[in-house]
Amino acid sequence: MADYKSIKNWADDDKPREKLAQHGRQALSNAELLAILIGSGTRNKSAVDLARELLALANNDINVLARFNIKDLCQVNGIGPAKAITLIAAIEIASRRDFKKTEEVIIRSSADAYNVL
């Protein structure tokens, strides 16, 4: 890849970890969040590139990605069993989160229901 540039050589504002620290988690794309978990890329691909490939395998649907097993994740060159297990563990932690809201939500319209869901 002639245009490959290691994340180390990116501007600080573009590096996923630094971007999260400076601008918060909402500022990152799904690929950037996955890249943080992946940790490192390969000789020719950044961790963000690997994350984009994983998302492409899942039709850019995090819910589809969440159902992948180790073998599925390892289809991407650069994702081995250790990285696959890290991703699966992180997705499992996220699925175990308690999404109960502490405040009472009053639904008066379909728009309110949509916003809650």
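In the block above lies the structure referred to throughout.
These numbers come from a predicted model, not from an experiment. (Residues numbered from 1 in each chain as written. Predicted model: local features only at pLDDT ≥ 70, side-chain atom pairs only at ≥ 80, totals over all residues. Heavy atoms only, no water.)

Caption draft 1: Main features of the overall build of the protein. When its secondary structure is counted, the protein shows seven helices and zero strands. Going from the N terminus to the C terminus, the protein shows its helices and strands as α-α-α-α-α-α-α. Its C-alpha radius of gyration of 17 Å places the protein more than 25% over the 13 Å reference for a compact globule of 117 residues. Every one of the 117 residues in the protein was classed for burial, and the buried ones make up 24%. Taking all contacts inside the protein whose residues are at least 6 apart in sequence as the whole, residues at least 24 apart take part in 33%. As displayed, the protein offers around 8,600 Å² of accessible surface, 50% of which is attributable to carbon and sulfur atoms. (Helix = DSSP H or I, 4+ residues; strand = E, 2+ residues; numbered from the N terminus. Rg over C-alpha atoms; globule rule 2.2 N^0.38 Å. Buried < 20%, exposed > 50% of the residue type's maximum accessible area, 1.4 Å probe, protein only. Contact = heavy atoms within 4.5 Å. Areas by Shrake-Rupley, 256 points an atom, 1.4 Å probe, with all protein chains shown as cover.)

Caption draft 2: View of the side chain of glutamate 32. Here glutamate 32 shows up in helix 2 (residues 30-38). The buried category is assigned to glutamate 32, whose relative accessible area is 12%. For glutamate 32, the residues in contact, after removing those within four places along its chain, are Asp14, Pro16, Lys19 and Ala27.

Caption draft 3: Here's a closer look at the packing of helix 1 (residues 16-23) against helix 2. Two elements in contact, helix 1 and helix 2, have axes whose closest approach is 9 Å; the angle formed by their N-to-C orientations is 115°. Of the two elements, helix 1 crosses helix 2, and the hand of that crossing is left-handed. Within the contact between the two elements, helix 1 uses Pro16, Arg17, Lys19 and Leu20 and helix 2 uses Glu32, Leu33 and Ile36. Class assignment of the residues belonging to the contact of helix 1 with helix 2 gives a composition of four nonpolar, no polar and three charged. (Axes fitted to C-alpha atoms, helices over the stretch in contact; angles between N-to-C directions. Left-handed = near helix turned anticlockwise from the far one by under 90°. Nonpolar A, V, L, I, M, F, W, Y, C, P; charged D, E, K, R; others polar.)

Caption draft 4: Up close: the pattern of salt bridges. Evaluation of the coordinates by the stated rule reveals four salt bridges. For aspartate 49, the salt bridge goes to arginine 52, with nearest N and O atoms at 3.7 Å. Here aspartate 49 pairs with arginine 52, and both are found in helix 3 (residues 47-57), just three residues apart, close to one helical turn. Given a relative accessible area of 23%, aspartate 49 falls into the partly exposed group. For arginine 52, a relative accessible area of 49% puts it in the partly exposed group. (Salt bridge = Lys/Arg side-chain N within 4 Å of Asp/Glu carboxyl O.)

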